[in-house]
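A look at the structure
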Amino acid sequence: AQSVTQLGSHVSVSEGALVLLRCNYSSSVPPYLFWYVQYPNQGLQLLLKYTTGATLVKGINGFEAEFKKSETSFHLTKPSAHMSDAAEYFCAVTGGGADGLTFGKGTHLIIQP
Amino acid sequence: DAMVIQNPRYQVTQFGKPVTLSCSQTLNHNVMYWYQQKSSQAPKLLFHYYDKDFNNEADTPDNFQSRRPNTSFCFLDIRSPGLGDAAMYLCATSRDRTGTNSPLHFGNGTRLTVT
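Because the structure is a prediction, the values reported are computed rather than measured.

Thoughts on the overall build of chain A
Within chain A, the secondary structure is distributed over zero helices and eleven strands. A compact globule built from 113 residues would reach a C-alpha radius of gyration of about 13 Å, and chain A, at 13 Å, matches this within 12%. Across its three principal axes, chain A shows a C-alpha extent of roughly 45 × 30 × 20 Å. Buried residues in chain A amount to 46% of all 113 residues. For chain A, the accessible area works out to roughly 5200 Å², and carbon and sulfur atoms hold 54% of it. Between the centroid of the 7 positive side chains of chain A and the centroid of its 7 negative side chains there is a distance of 5 Å.

Focus: the state of the cysteines
Considering all chains together, one arrives at two disulfides over all chains under this definition. Across a sulfur-sulfur distance of 2.0 Å, cysteine 23 of chain A and cysteine 91 of chain A are joined as a disulfide pair. Between cysteine 23 of chain A and cysteine 91 of chain A the disulfide shows an S-S torsion of about -65°. By sign, it is left-handed. Note that cysteine 23 of chain A is positioned in strand β3 (residues 19-27) and cysteine 91 of chain A in strand β9 (residues 87-94), a separation of 68 residues in sequence. As far as burial versus exposure is concerned, cysteine 23 of chain A and cysteine 91 of chain A are alike and both buried. Two residues share a disulfide in this structure: cysteine 23 of chain B and cysteine 91 of chain B, whose sulfurs sit 2.0 Å from each other. Linking cysteine 23 of chain B and cysteine 91 of chain B, the disulfide has an S-S dihedral of approximately -75° and is accordingly described as left-handed. One end of the pair, cysteine 23 of chain B, is in strand β3 (residues 19-25); the other, cysteine 91 of chain B, is in strand β9 (residues 87-94), and 68 residues separate them in sequence. Considered together, cysteine 23 of chain B and cysteine 91 of chain B belong to a single accessibility category, that of buried residues.

A short note on the side chain of glutamine 6 of chain B
Residues and elements named next belong to chain B. Here glutamine 6 is to be found in strand β1 (residues 4-7). Classification of glutamine 6 by relative accessible area gives buried; the value is 4%. Polar side-chain contacts of glutamine 6 include one of 2.9 Å to the backbone nitrogen of cysteine 91. Of note is the side chain of glutamine 6, whose polar atom sits 3.0 Å from the backbone nitrogen of glycine 109. In this structure glutamine 6 touches Ser22, Cys23, Trp34, Tyr89, Leu90, Cys91, Gly107, Asn108, Gly109 and Thr110, once residues within four positions along its chain are discounted.

Comments concerning the sheet that holds β3 of chain B
Residue and element names in this part refer to chain B. If you trace the four strands from one edge of the open sheet to the other, you get β1-β3-β8-β7, paired in antiparallel fashion. Bordering the open sheet on either side are β1 and β7 (64-67), each of which pairs with just one other strand. Within this sheet the neighbouring strands show an average axis-to-axis angle of 20°, counted without direction. Where β3 meets strand β8 (residues 73-78), six bridges bridge the pair, whose relative direction is antiparallel. Directly across from valine 19, in β8, lies its bridge partner isoleucine 78.

Some words on the side chain of threonine 107 of chain A
Residue and element names in this part refer to chain A. Within the element layout of this structure, threonine 107 appears in strand β11 (residues 107-112). Among the polar contacts listed, one links the side chain of threonine 107 to the side chain of glutamine 6, at a separation of 3.2 Å. With residues near it in sequence (within four places) discarded, threonine 107 still touches Gln6, Leu7, Gly8, Ser9, His10, Val11, Leu21, Ala87, Glu88 and Tyr89.

As for the nonpolar core
All names here are of chain A. Trp35, Leu48, Leu76 and Tyr89 are the most contacted members of the largest nonpolar core, which has 26 residues in total. Residue assignment for this core shows that the elements contributing at least two residues are β2 (10-14), β3, β4 (32-38), β5 (44-50), β7 (64-68), β8 (73-78), β9 and β11. Those residues in contact with leucine 76, other than ones at most four positions away along the chain, are Val19, Leu20, Leu21, Trp35, Leu47, Leu48, Phe63, Glu64, Ala65 and Tyr89.

Remarks on the confidence of the model for chain A
Here chain A averages 91 in pLDDT, while 96% of its residues score no lower than 70. By mean pLDDT, the top-scoring element of chain A is β8 of chain A (98), and the lowest-scoring one is strand β10 (residues 102-103) of chain A (88).

Considerations on the pattern of salt bridges
Residue and element names in this part refer to chain B. Counted according to the given criterion, the structure contains four salt bridges over all chains. Notably, a salt bridge pairs aspartate 59 with lysine 44, separated by 3.3 Å at the nearest N-O pair. With aspartate 59 in the loop between β6 (53-56) and β7 and lysine 44 in strand β5 (residues 44-50), this residue pair connects regions lying 15 residues apart in the sequence. Here arginine 67 and aspartate 77 are joined by a salt bridge, their closest N and O atoms 2.7 Å apart. You can see arginine 67 sitting in strand β7 and its partner aspartate 77 sitting in strand β8, a full ten residues away along the chain. Overall, arginine 67 belongs to the partly exposed group, its relative accessible area being 39%.

Basis of the calculations
- Residues numbered from 1 in each chain as written.
- Chains lettered and ligands numbered in written order.
- Predicted model: local features only at pLDDT ≥ 70, side-chain atom pairs only at ≥ 80, totals over all residues.
- Heavy atoms only, no water.
- Helix = DSSP H or I, 4+ residues; strand = E, 2+ residues; numbered from the N terminus.
- Rg over C-alpha atoms; globule rule 2.2 N^0.38 Å.
- Buried < 20%, exposed > 50% of the residue type's maximum accessible area, 1.4 Å probe, protein only.
- Areas by Shrake-Rupley, 256 points an atom, 1.4 Å probe, with all protein chains shown as cover.
- Lys, Arg positive; Asp, Glu negative; His and termini not counted.
- Charge placed at Lys NZ, Arg CZ, Asp CG, Glu CD.
- Disulfide = S-S within 2.5 Å.
- Polar contact = N/O pair within 3.5 Å; in protein donor to acceptor, adjacent residues only side chain to side chain.
- Contact = heavy atoms within 4.5 Å.
- Pairing = 2+ DSSP bridges.
- Axes fitted to C-alpha atoms, helices over the stretch in contact; angles between N-to-C directions.
- Core = buried A, V, L, I, M, F, W, Y, C linked by side-chain atoms within 4.5 Å.
- pLDDT = per-residue confidence, 0-100.
- Salt bridge = Lys/Arg side-chain N within 4 Å of Asp/Glu carboxyl O.

Here is the structure:
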């Protein structure tokens, strides 16, 4: 079984500041990890994913995440926040087979002008 | 553009009155999923189809059913909606099961209101 913990239901940063959204996972098998973004009244859009290989993964809109097995973490970062980044962000994990994705509870990112 | 389309975007139904939500995809993906997302919560998987093979999550209420008449379409039927079923319902597809690192493609969701 897998689980995901996202620290901080709300994160507020100033425009131009570093964005850091935290995600820790639990998995009994090597995980596949994902970050999704959800804008109001829309579905989820894939930002990036880690499967195997390079642990630093680059995604869309300038986001990246680093898989750290020793810390069971997959934190999402962006060097400089933009107003358009304001949204809900979900970390998700799957361990293989037909068990689908397990999502974290989400982090609402607020960008202050 | 290939995509996942959900209709309608907003659905209002009465307590106990059956309702059907629809999802179509032009991606020709094998797997289709239905998620329930309540306000400020994570999406919760209700069930999924791998081709014609139906897979129900253990804690999905019997009140929720699904049909997949062909590759492109999948329906969510709520037989007797209760107030607690008010939520956003998200349809998603993937080329293969997520265990093979096939990412999900989501529709924009249907927001269900129960009066």
